[in-house]
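Structural overview
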Amino acid sequence: MQVAVVTFDGFNELDSFIASALINRCRADGLEAFITTPTPVVTSMNGVEVTGQRPMEFVTDADVVLVGSGVKTRDVVADDRLVSRLVLDPARQLIGAQCSGALVLARLGLLEGMPACTDLTSRPFVEARGVTVLDAPFHAEGNIATAGGCLASQYLATWVITRTLGEAAARAAIEYVAPVGEKQATVEHALRAVHAGEVALP
């Protein structure tokens, strides 16, 4: 199973790298994440240049697509040509968005009829697209999830791993990266956040 971590120019390193690093703890179990970019090289909001592992068209074939956040997301959603490259299928794929990535999902029409999570800066822009924003770190309905706040990217990763490999795999991945002396508490906190934010569809 392959995960596209969509990473645009001006991206937030925490959003893309935490999710991809956590998911890649599960490579041996057949789940692998790839930094997926619209151009061969993208530059983060702090000037870090990263070479994409997969081109944007990879999102069509990926089993999971996570749309990262950044300081240029409003430019992204205003670019019809760029948005047209994001061909997603929520019936077949797990689709998540981190912080301002919710703007991208809204632009694609994937948040119609459901609330979303995002960061405080992006909130008014997501609301302007007719989406109700929750005061929560994570929300999922069916195959679509959103997370708000940079460190909530761990919840997106937890959701992906739980949905694809099961809770035991998610526990193992989180425990590995959790702070020493806080491992069990970190695992339980992440799973609680995901379970609390999940809404079962009829």
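First things first, this report covers the structure right here in the doc. (Residues numbered from 1 in each chain as written. Predicted model: local features only at pLDDT ≥ 70, side-chain atom pairs only at ≥ 80, totals over all residues. Heavy atoms only, no water.)

The subject of this paragraph is the overall build of the chain. For the chain, the count of helices and strands is eight helices and ten strands. For 202 residues, the compact-globule estimate of 2.2 N^0.38 gives 17 Å, and the chain sits close to it at 15 Å. Taken along its principal axes, the extent of the C-alpha atoms in the chain is 45 × 35 × 30 Å. Looking at the chain as a whole, 50% of its 202 residues are labelled buried. Summarising the internal contacts of the chain: among those between residues at least 6 apart in sequence, 65% fall at separations of at least 24. On the chain, roughly 9100 Å² of surface is accessible, and the fraction owed to carbon and sulfur atoms is 53%. Of the side chains in the chain, 15 bear a positive and 23 a negative charge, and the two mean positions are spaced by 2 Å. (Helix = DSSP H or I, 4+ residues; strand = E, 2+ residues; numbered from the N terminus. Rg over C-alpha atoms; globule rule 2.2 N^0.38 Å. Buried < 20%, exposed > 50% of the residue type's maximum accessible area, 1.4 Å probe, protein only. Contact = heavy atoms within 4.5 Å. Areas by Shrake-Rupley, 256 points an atom, 1.4 Å probe, with all protein chains shown as cover. Lys, Arg positive; Asp, Glu negative; His and termini not counted. Charge placed at Lys NZ, Arg CZ, Asp CG, Glu CD.)

This next bit is on the sheet that holds strand E9 (residues 144-147). Judged by pairing direction, the sheet is mixed, and its eight strands sit side by side in the order E5-E2-E1-E6-E7-E9-E8-E10 without closing on themselves. Two strands close off the open sheet at either side, each with one partner strand: strand E5 (54-55) and strand E10 (198-199). Against the sheet, helix H1 (residues 13-23) makes contact with strand E1 (2-6), strand E2 (32-37), strand E6 (64-67) and strand E7 (94-98), and its axis sits at roughly 155° relative to E2, the strand it touches most. Here helix H6 (residues 153-165) sits on the sheet and contacts E1, E6, E7, strand E8 (138-141), E9 and E10; the angle it forms with E7, its principal contact strand, is near 170°. (Pairing = 2+ DSSP bridges. Axes fitted to C-alpha atoms, helices over the stretch in contact; angles between N-to-C directions.)

Packing of H1 against H6 brings their axes to within 8 Å, and their N-to-C directions diverge by 30°. Both H1 and H6 take part in a crossing whose hand is right-handed. Mapping the contact onto sequence places Leu14, Asp15, Ile18, Ala19, Leu22 and Ile23 in H1 and Ser153, Gln154, Ala157, Val160 and Ile161 in H6. The residue makeup of the contact of H1 with H6, split by class, is eight nonpolar, two polar and one charged. (Left-handed = near helix turned anticlockwise from the far one by under 90°. Nonpolar A, V, L, I, M, F, W, Y, C, P; charged D, E, K, R; others polar.)

Residue placement: Asn46 occurs in the loop between strand E3 (41-43) and strand E4 (49-51). Residue Asn46 is classed as exposed on the basis of its relative accessible area of 58%. When the C-alpha atoms of Asn46 and Glu188 are compared, they prove to be 32 Å apart, with 142 residues separating the residues in sequence. In this structure the side chain of Asn46 is engaged in a polar contact, spanning 3.1 Å, whose partner is the side chain of Glu13. (Polar contact = N/O pair within 3.5 Å; in protein donor to acceptor, adjacent residues only side chain to side chain.)

This part is about unusual backbone geometry. One non-glycine residue, Cys99, adopts positive backbone phi at about 50°. Along the polypeptide, Cys99 turns up in the loop between E7 and helix H4 (101-107).

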